[in-house]
Amino acid sequence: MTLIYLIGAFLIVIGFFVNRNKVINYSLLGLFIILQWTFTIYSLYHFRTTELDYFSFDSLGILLLLTLSIVAVPAALHSFIYIEKHPENPETRSIYFAALVGLITATGVGYLSNHIAVTWIFTEITTLCASALIYHHRTKLALEGTWKYVFICAISITFVFIGILFLSLSLTHAGSDDLSFKNLLANSSKLNPFWLRLSFLFIFTGFTAKLGLVPMFTAGIDAKDKAPAPAGALLASVLMNLGFVGIFRFYIVIANTPLLHWANVVIGIAAFLSVFVATVYMIKVKNLKRMFAYSGIEHMGLVMLGVAAGGVGYYAAILHVVLHALVKSCVFFQYSQIYRIYQNKSIYHIGNYFKYNTTGAIVILFAFISTSAMPPSGLFVSEFLIFRSLFEANQIIVLISVLLLLTMIIWAFGKNIFKILFIPPVDFDDSNLPKISPWESSTQFILLTGAVYLGLNPPVEFVNLIKESIMLLPK
Amino acid sequence: MIHVFLIIFLISLFYMAIANRMLTYVNILALQGVLLFFVVFFQLKEISTLNLVLILLETIVFKSLAVPLFLKYILKRNKITREAEPFLPHFVSLIIVTLIVVVTILLSNSIKDTNLDKIFFVVALSTLFTGLYFIASRRKIITHVMGYLIIENGVFVLSLAVGNEMPMLVNLGIMLDIFASVLILGIFLNKIGDVFKEVDVNQLTNLKDY
């Protein structure tokens, strides 16, 4: 089935280039969504099996694949609306949809791959697809954003490759040359610590470009800013999860070696710095879309803090990753409606949103409550568990500083969000506004409700999937 | 024999640190491709012939012919000035590159692994850091691309060190080479040359937070 899925997605991508008819394009997109869901349901029924040697339907992969498929439906829907509302020519439209399909496929298969080199290959493909999405508008700024994204991602991909080379050196003593995570885990006691250390540093640094962590986070911010909002939603949620999978699967290997403590220190430093950097930018930033992107950096910083703290933090980290994907994509979908009304990204020119689009304003309000992890948001539960894990790991100073930084983030975020909702913008001519149907916001309500439900009352299967993903980690 | 080529490779980095003209950079990249060709030829004795031919073709056709020719074409088409315009004087560059090499040699001395030929490690790691240094210290976007190509060459050397045991990794490295170079060079340098008239990193500062 994995092969059918890959070939099917590839044919659909080709189809976009062969025929640029509007109706055919939309039907191909619909066909892909059906394919995506068929594959997801198939994977649920074939839990714990391996296909084509390199793709395992394990718990972490399935959990994130399911998240991806859930986010993919509104992403396709909002892409359709986006393309309809903008004057597009057939060429840019077909490239956009082809890149979207490619991105979703590569991300999904990347989650499932059980071999570090295969994860690496699919991460490379996501860079290619994402760059086509970022360059969608063909403007000078879009080109700048694309260039920075491609260049930094190329360097980080190279870093991951160097990490894989060092990993293969560390494996030579084990008398095996199979770089699958399973084999690495089985031989974890025989891995050479020196090479393993170097390897972890390079692989971690490389994947931070996708995950959005210090040091390589900058490229992702520009990308999410310049990509069309529905594509930005994918970049800000599911693509970040791909970086998380890359790091987390390798972390499981490290966690079973004596290097666990050292790796935790490395991750902890990067994670804390990410929260710090996100705070600094959130206070200063005036571009709404970039503010949402920086909020993603903050959340990924918290996730990795949970991983570094260990214990209940592992559980919280995976829960947080899933919930964050739902909530953050919702924010970006809503952003596209905001932009349609104000035609501006600057906070100074956006305001009084309740008056112009009441349904959308309610989404923004709920999304703010969700992203800043206030109850009843599901993120509240995961963030609370992350704090508890920090407390149990006796990292009181880190905990207090993170809490202080988070307070500042909530203040900065809230200040801007409430300005958007209630304060009238300067020099805004509201005589000729587009009508926005309340139905467009319905997907966002579903996503937000889903995040609340999964956080407060998680189904048993969901909890079991998370518990199984972290089973191999030390208690 | 391999060591001779690898040391010439290292020396080419020093030359690049003091080179002033863009064409010299391109020529050094082509030379590095040829050097890698010989290293591959002498190093990879245990892999299948077909795979070896593929790797050799990649070094000679891609690294030392296609990419340099394309870079020359871009230089000409976009009328990029001949000087490299570094932020730092050449002398300082030379010292920094020397320091990088010395530090990697010191680092390699701390390795107690008999499986690895240390010279591969030294050359690869110093090439990597020199490439990063070039990216940080040069003004033009095209020199950034060249810095990236240098990094790729360094990674290629490293992959050769384990090439006999795991030829798959060398092939992956080649894939990375071609993929990233085509993506960076082919699509964007063309576009960037059209949109930004003076191709300078100082022009890429419009994406701001406020």
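The structure we're discussing is the one just above.
Residues numbered from 1 in each chain as written. Chains lettered and ligands numbered in written order. Predicted model: local features only at pLDDT ≥ 70, side-chain atom pairs only at ≥ 80, totals over all residues.

## Side note on the nonpolar core
All names here are of chain A. For the record, the criterion: The term nonpolar core means buried Ala, Val, Leu, Ile, Met, Phe, Trp, Tyr and Cys residues held together as one set by C-beta atoms within 7 Å. Once C-beta atoms are placed from the backbone, each residue is buried if 20 or more other C-beta atoms lie within 10 Å of its own, exposed if 12 or fewer, and partly exposed for counts between those two. The secondary structure listing takes helices from DSSP runs of H or I that are at least 4 residues long and strands from runs of E that are at least 2 residues long, numbered from the N terminus. For the domains described, the bounds stem from an automatic or database domain assignment. By the convention adopted here, residues make contact when the C-beta atoms placed from their backbones lie within 7 Å.
Counting residues in hydrophobic clusters, the biggest one holds 237 residues, and the most contacted among them are Leu133, Phe161, Met304 and Leu305. Broken down by element, this core gets its largest block of residues, 20 residues, from helix α6 (residues 140-171). When residues of this core are assigned to domains, at least three map to each of domain 1 (1-258) and domain 2 (261-475). Ignoring sequence-local partners within four residues, the contact set of Met304 consists of Leu213, Ile267, Ala270 and Ala271.

## Examining the packing of helix α4 (residues 90-112) of chain A against helix α5 (residues 116-134) of chain A
Residue and element names in this part refer to chain A. Keep this limit in mind: Lines fitted to the C-alpha atoms define the axes, with helices restricted to the stretch that makes contact. Angles between their N-to-C directions range from 0 to 180 degrees. Each angle receives one of four descriptions, namely roughly parallel if under 35 degrees, roughly antiparallel if over 145, roughly perpendicular if within 65 to 115, and oblique otherwise. When the near helix sits turned anticlockwise from the far one by under a right angle, the crossing is termed left-handed; a clockwise turn instead gives a right-handed crossing.
Packing of α4 against α5 brings their axes to within 8 Å, and their N-to-C directions diverge by 160°. With respect to their mutual orientation, α4 and α5 come out roughly antiparallel. Pair α4 / α5 crosses with left-handed handedness. When α4 is examined against α5, the residues Ile95, Tyr96, Ala99, Leu100, Gly102, Leu103, Ala106, Thr107, Val109 and Gly110 are found in contact with a partner set consisting of Thr119, Phe122, Thr123, Ile125, Thr126, Cys129, Ala130, Ala132 and Leu133.

## Details of unusual backbone geometry
All names here are of chain A. That bond from Val214 to Pro215 is cis: its omega, 10°, falls within 30 degrees of zero. Within the secondary structure, Pro215 is located in the loop between α8 (193-211) and α9 (218-226). The amide bond that connects Pro375 to the next residue, Pro376, takes the cis arrangement and shows omega of 10°. For Asp53, which is not a glycine, the phi torsion comes out positive at approximately 70°. In this structure, Asp53 sits in the loop between β1 (50-51) and β2 (55-56). Backbone geometry places Asn352, a non-glycine residue, at a positive phi of 55°. The residue Asn352 is located in the loop between α14 (312-342) and α15 (353-356) in this model.

## Things to note about α14(A)
All names here are of chain A. To keep things clear, this is the line we draw: Multiply 1.5 Å by the residue count of a helix minus one, and that product is the helix's expected span.
The terminal C-alpha atoms of α14, which comprises 31 residues, lie 44 Å apart, in line with the 45 Å expected from a rise of 1.5 Å per residue. When you tally the buried positions in α14, you get 27 out of 31 residues, the bulk of the element. Count one or two residues on from α14 and you reach Gln343, which has phi positive near 55°.

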